[in-house]
Amino acid sequence: MMRINLTKWIAELENTWLDSLSTFQLLLLMLVVISTLTAVFLVVYIVVLMVIRNRRQQWADALQARIEDGIAIWLAGDYSICELISTFQEEIKKDSRARKIILNVIFATSKLFRQEGQSALRQLLTGLNLHHLCYKLLKNRHWYKQAYATQIIGQLQMGLALPLLKRKLQTKNSTLRIELITAMVALGDQSWLEDIDYTNAHLSDWEQILLLERFRRLNTNQLPPFETWLTSTHTDWVLFGIRLCRNFNRFDQVPELGNLLKHPDQKVQIAVLDAFDYLGSPEAVPSLIRYMPQVTGDRLRTTLRVLGNQGDPDLVSLLTPYTEHPDPAVQVSALSALKELGLTKIELRQLSSNPKYIDHLFDPKRP
Amino acid sequence: MNLSFWANMLSYIFLVYTLVLMLIYIVSALASYRIIRQHVAETSFVDFRQILTSPLSPKISIIAPAYNEALNIVDNAKSLLALEYPNFEVIIVNDGSKDETLQRLIDAYKLEKTSFLVQQNVECKEIIGVYKARDEAVSHLTVVDKRNGGKSDALNAGINVCAGQLFACIDVDCVLERDALLRMIKPFLEETDQKVIATGGVIRLANDCVIRDGRLIEINVPRNLIARAQVLEYMRAFLLSRVAWAKINGLMLISGALGLFDKQTVGEAGGYSHKTVGEDMELVMRMRRMMEERKQPYAVRYIPDPLCWTEGPTSWDILGRQRNRWTRGLMDCLKFHRKVFFNPNYRIMGMISYPFWFFYEWLAPIIESLGLVFSIILWILGIINWSSFWLLLATVYSYAVCLSCLAIWVDQKTYLQYRSKRDLGRLLLIALIEPFFYHPFTVYSSIRGNIDYLRGKKGWGSMTRQGLSKPATPTSTS
């Protein structure tokens, strides 16, 4: 009875209300239906996602715990590698998704070991045929899966994958490129250096931070010839070269760095000043003296500070005129530099028209 | 006949306006989801700790203005000092507080007044003193005591004192994720072709979340319905909209609660304006205008990760005042920078961002209210088409619910901030009922803001904060 009524009602609705709707109203009706259906779909998706995620999480947690236990027992010597492999193969047989979790655990474990400790884990990985999974991931269309595989290859020292890594080096994705370089450095391959165009390629500060971190782990003889980058036509590489000279204490490059104070890019000039400040080499003084009259503001203040830190009394006459500079900040920097060069409070008072500056410089609570 | 014609014409105008707005929202929501997924995948490979040990990390100054924050100021300072970053300083600016804000800091950190030469790069009221700690462990804390001048004045004082190349402006009562600075610095380091002038981050509501020692321990959906509706509102705004705007470099607002700025650019632009209560948006607009006029390539970036947790209003009164202030701030910004409106010289800002803010942020509540008035008039005149009326209402409602569900879905697929069934149920429930009670109120507050603006009202109005995970205590903003 109810069904007949409902059918009758729908038919009536179609014949009367729906037929009477204008195009404008039909458009609105369509939007209501689409929005409502989308909202219902999203809610169902969210709920299902939550349920599945919780179940998967429980399964994954339990499996991960079993794998970690297995590896711990194996590392303690209570399991042979064959026993471990067959145990893990059982897990893979039960559910193929276990491969990914096993790979994750092996990778996480490998981070706890030094280079020489990786061979046992590599043996385990190969025994389970998971190295093929890595190669497969390396060919995946998603860069982040490739990056993950690259991390594993580098970490576990899988040298056979080197040609695969080299082929990918031209990627435009900077995160993947850095991972590839890291893996190649870990595998002892420096050929990536040949593939980089120092005259044209961009190198962001972020990439410089990542590369510098890698370089710091290398021996001095393993470092790339970064002094050649100082002559690159690309500012990013010049900057990186300067920063590496600073970081690796390349005093022999001070004259070359001095020439870079003529570079049109202010970032390069500031990086050189920073390098001079850090290195503290007296060889930098002539370049700084030539540079000083050409600049103002922060660069001039840094130059004054670097010269002041030299502690050379001969520089006093050179810095004294700057105590009357129109920029008060420069005046303070000049006075501070002169203080560093050994001038007393009384001598400085004679140079400055503003006693507040002198009091500030000699304030014991000054930060 | 004539009346009916005009009624139809107006109906079509309202409809087109609504449809365009719906289209913009859905396009930006889908684009945002794509961008967030990409971002999440990418950041899973980023080891931010590398910045911690790098000598190349630029110095960051955190500027936190404080006005009558005596009760929580020490805990808040502790939270800021514990952030993860290798090279940073925390500058708390006491903006002429009438309570013990300064004294509590002095006592807690054994601060001493130091000699400090302040360069007046940007305009601010007189700085009475600068305090530093003797203890090396907190040597990166500076407290600036100054005459009261409002939030923007306090921020300007902080800019004058700070030494970093970049500075972060934060509300002192916010809780930041420990790695917030590490994440926010990345866009500044990544760009090679253009200068990043500012970066913003996602703000989330911390009402009813568990916070201990300045750290967020447990995330919960608030029990209070007003706060809960704001959670959803923030999710829609931050997850479905701003990400897409940042992608096309069209972002005009970096929230005052958390933003990282290039100090040089801010200094050249003149710092924060004293003339508006929307100082955060006004600064970004002025910086962008300056860069456009100089024809310098630049970008305003945005991090979709939840980085900052703040307390949202829990009463209608305070919420109303907040929205009123936001509207007045927006009107100021639109008025000050009207030159860029559909001006092709300002590219994205002039042709897309500004018109969007004008038509769909400022005008939307007005159009919505006019639509309601228009329907009432039609009803009185007896020419209302009820089918159209109810269908339009149903369209707007179902679309609003759909968009809220989309925001929850994006959160579940990416950051998964709300994990429990209870929280999810609460969010879905509020998505269904919020259009009936919360949205009308925000529209009403916005209209009040417009009226107050035309009457020449200035100032922030008082705010009462409950305090995050702390007993309720009244304070007021400057």
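Note that the structure is predicted; figures quoted are calculated from it, not measured. (Residues numbered from 1 in each chain as written. Chains lettered and ligands numbered in written order. Predicted model: local features only at pLDDT ≥ 70, side-chain atom pairs only at ≥ 80, totals over all residues.)

1. Some points on the overall build of chain B
Along its length, chain B carries 13 helices and 12 strands. Expected size for 478 residues packed as a compact globule is a radius of gyration near 23 Å; at 23 Å, chain B falls within 12% of this value. The dimensions of chain B, computed from C-alpha atoms along their principal axes, are 80 × 50 × 45 Å. Across the 478 residues of chain B, 48% fall into the buried class. Nonlocal contacts in chain B, meaning residues at least 24 apart in sequence, comprise 79% of its contacts between residues at least 6 apart. (Helix = DSSP H or I, 4+ residues; strand = E, 2+ residues; numbered from the N terminus. Rg over C-alpha atoms; globule rule 2.2 N^0.38 Å. Buried ≥ 20, exposed ≤ 12 C-beta atoms within 10 Å, placed from the backbone. Contact = placed C-beta atoms within 7 Å.)

2. What about the overall build of chain A?
Within chain A, the secondary structure is distributed over 19 helices and 0 strands. Over its C-alpha trace chain A gives a radius of gyration of 34 Å, far above what one expects of a compact globule, namely 21 Å for 367 residues. Summarising its shape, the C-alpha atoms of chain A cover approximately 110 × 75 × 45 Å along the three principal directions. Put simply, chain A has 367 residues, and 29% of those count as buried. The contacts of chain A with a sequence gap of at least 6 include a subset with a gap of at least 24, amounting to 60%.

3. Looking at the interface of chain B and chain A
When the parts of a complex come together, some accessible area is lost, and that lost area is often taken as the interface size. Each partner contributes residues to the interface: chain B has 39 residues there, and chain A has 41 residues. At the level of secondary structure, the elements contributing two or more residues to the side of chain B that touches chain A comprise helix H1 (2–43), helix H2 (49–53), strand S3 (111–114), helix H6 (180–190), helix H12 (386–413) and helix H13 (421–454) of chain B. For the side of chain B that touches chain A, the leading source of residues is H12 of chain B, giving 15 residues. A per-class count over the side of chain B that touches chain A returns 20 nonpolar, 12 polar and 7 charged. (Nonpolar A, V, L, I, M, F, W, Y, C, P; charged D, E, K, R; others polar.)

4. Some remarks on the sheet that holds strand S4 (residues 127–133) of chain B
All names here are of chain B. Strand order in this open sheet of 10 strands is S3-S4-S5-S2-S1-S6-S11-S8-S12-S7, and the pairing throughout is mixed. At either margin of the open sheet sits one strand with a lone partner, and together these are S3 and strand S7 (175–176). Both strand S1 (residues 60–66) and strand S6 (residues 166–170) contribute to a ladder of 4 bridges, which runs parallel. For Ile63, the partnering residue across the bridge sits in S6 and is Cys169. Across the sheet, helix H3 (residues 73–81) lies against S1, strand S2 (88–95), strand S5 (141–146) and S7, angled at about 160 degrees from S2, the strand it touches most. (Pairing = 2+ DSSP bridges. Axes fitted to C-alpha atoms, helices over the stretch in contact; angles between N-to-C directions.)

5. A closer look at the pairing of S5 of chain B
All names here are of chain B. Among the 6 residues of S5, 6 are classified as buried, and the element is accordingly described as predominantly covered. Note that S2 and S5 share 6 bridges and pair parallel. The residue of S5 that forms the bridge with Asn94 is Asp145.

6. Digging into the nonpolar core
In this structure, Ile62, Ile63, Ile92, Leu181, Val284 and Leu406 of chain B are the most contacted members of the largest nonpolar core, which totals 168 residues. When residues in this core are grouped by element, the largest group, 14 residues, is from H12 of chain B. (Core = buried A, V, L, I, M, F, W, Y, C linked by C-beta atoms within 7 Å.)

7. Some points on the environment of Ala108 of chain B
With respect to the helices and strands, the residue Ala108 of chain B is situated in helix H4 (residues 101–109). Residue Ala108 of chain B is classed as partly exposed on the basis of its C-beta count, with 16 C-beta atoms lying within 10 Å.

8. Description of the confidence of the model for chain B
Close inspection of predicted coordinates is inappropriate in any region flagged by low pLDDT. Residues and elements named next belong to chain B. Here chain B averages 89 in pLDDT, while 96% of its residues score no lower than 70. Predicted confidence for residues 470–478 stays below pLDDT 50, and this span has 20 contacts to residues more than four positions away or in other chains. Across the whole predicted complex the pTM is 0.85, and at the interface the ipTM reaches 0.83. (pLDDT = per-residue confidence, 0-100.)

9. Observations regarding unusual backbone geometry
One non-glycine residue, Gln157 of chain A, adopts positive backbone phi at about 55 degrees. Mapped onto the secondary structure, Gln157 of chain A falls in the loop between helix H7 (143–155) and helix H8 (162–167). Of note in this structure, Asn249 of chain B is not a glycine but carries a positive phi near 55 degrees. Locating Asn249 of chain B in the fold gives a position in the loop between helix H7 (225–247) and strand S11 (258–262).

10. With respect to the environment of Gln123 of chain A
Mapped onto the secondary structure, Gln123 of chain A falls in helix H5 (residues 118–127). Spatially, the C-alpha atoms of Gln123 of chain A and Phe41 of chain A are 47 Å apart, while their sequence positions differ by 82 residues.

11. Quick look at the packing of helix H11 (residues 347–381) of chain B against H13 of chain B
Residues and elements named next belong to chain B. Packing of H11 against H13 leaves a shortest axis separation of 9 Å and a crossing angle of 110 degrees. Judged on the interaxial angle alone, H13 and H11 are roughly perpendicular. Along the contact surface, H11 presents Pro365, Ile366, Glu368 and Ser369, while H13 presents Val443, Ser446, Ile447 and Asn450. Split by residue class, the contact of H11 with H13 holds 4 nonpolar, 3 polar and 1 charged. (Parallel < 35°, antiparallel > 145°, perpendicular 65-115°, else oblique.)

12. Regarding the pairing of strand S8 (residues 195–205) of chain B
Residue and element names in this part refer to chain B. With 10 of its 11 residues buried, S8 lies for the most part within the structure. Relative to S11, S8 runs antiparallel, the two being bridged by 3 bridges. Looking at the pairing, Gly200 lines up with Gly259 of S11.

13. Comments concerning H5 of chain A
Think of an α-helix as turning once every 3.6 residues; residues three or four places apart then point the same way. Residue and element names in this part refer to chain A. Considered for burial, the residues of H5 that qualify are Leu121, Leu124 and Leu125. The buried residues of H5 all sit within an arc of 100 degrees when viewed along its axis, so they share a single face. Exposed side chains of H5 directed beyond 90 degrees from the buried face belong to Ser119 and Gln123. As for H5, its buried residues are in contact with helix H3 (81–94), helix H4 (98–110) and helix H6 (130–138). Once H5 ends, the next one or two residues include Asn129, with phi positive near 65 degrees. (Arc of directions from axis to C-beta.)

14. So, helix H9 (residues 279–293) of chain B
All names here are of chain B. Over its 15 residues, H9 runs 21 Å from end to end, which matches the ideal 21 Å to within 8%, given 1.5 Å per residue. In terms of burial, H9 is largely enclosed, as 11 of its 15 residues are buried. Phi turns positive, to about 60 degrees, at Lys295, one or two residues after H9. (Expected span 1.5 Å × (residues − 1).)

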